[in-house]
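The chain contents come next:
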Amino acid sequence: MVVKVNTSDGLRDVITVKVGKFNADVGINHPLAGITLTFDVEIIDIRAATDEEISHRHSHGWVPSACHQH
Ligand SMILES: [Zn+2]
């Protein structure tokens, strides 16, 4: 069973491993850890990297500042 646990890093999904009388053992790996995932993707567009992306050596995604903080 996947439950949410409040941690110092915010809420995390954990897997309940064993429930005892006073405590519960949980696994903190992602619920999909260890499972082979297969994606079927289609490239619908490409664009040139921005100067900032080239200097950072990674993509910054399509939504400005939505997934990038540094
Ligand atoms: Zn960057």
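Located above this text is the structure these notes cover.
The structure contained in this document is the topic of the report that follows. Model, not experiment: these values are computed from the prediction. (Residues numbered from 1 in each chain as written. Predicted model: local features only at pLDDT ≥ 70, side-chain atom pairs only at ≥ 80, totals over all residues. Heavy atoms only, no water.)

1. Considerations on the overall build of the protein chain
Within the protein chain, the secondary structure is distributed over 1 helix and 3 strands. Listed by position from the N terminus, the elements making up the protein chain come as β-β-β-α. For the protein chain, with 70 residues in total, the buried portion stands at 6%. A fraction of 2% describes how many contacts in the protein chain between residues 6 or more apart in sequence connect residues 24 or more apart. For the protein chain, the exposed surface amounts to about 6,700 Å²; the carbon and sulfur share of it is 56%. (Helix = DSSP H or I, 4+ residues; strand = E, 2+ residues; numbered from the N terminus. Buried < 20%, exposed > 50% of the residue type's maximum accessible area, 1.4 Å probe, protein only. Contact = heavy atoms within 4.5 Å. Areas by Shrake-Rupley, 256 points an atom, 1.4 Å probe, with all protein chains shown as cover.)

2. What to know about the pattern of salt bridges
Two side chains with opposite charge may pair up if their charged atoms get near one another. Taken as a whole and assessed by the stated rule, the structure comprises 2 salt bridges. Linking Asp-13 and Lys-4 is a salt bridge whose minimum nitrogen-to-oxygen distance equals 2.7 Å. Its relative accessible area of 33% is what places Asp-13 among the partly exposed residues. Assessed through its relative accessible area of 57%, Lys-4 is described here as exposed. Residues Glu-53 and Arg-47 are paired through a salt bridge, measuring 2.9 Å at the closest nitrogen-oxygen approach. A residue is classified by how much of its surface remains accessible, and Glu-53, at 5% relative accessible area, is buried. (Salt bridge = Lys/Arg side-chain N within 4 Å of Asp/Glu carboxyl O.)

3. Overview of the side chain of Glu-53
Looking at where Glu-53 falls in the secondary structure, it is placed in helix H1 (residues 51-56). If sequence neighbours within four positions are ignored, Glu-53 has contacts with Arg-47, Ala-48, His-58, Ser-59, His-60 and Gly-61.

4. Considering the pairing of strand S1 (residues 2-7)
Examined bridge by bridge, S1 and strand S2 (residues 10-19) share 6 bridges and lie antiparallel to one another. Bridge pairing in S2 links Lys-4 to Asp-13. The loop that links S1 with its antiparallel partner S2 comprises 2 residues. (Pairing = 2+ DSSP bridges.)

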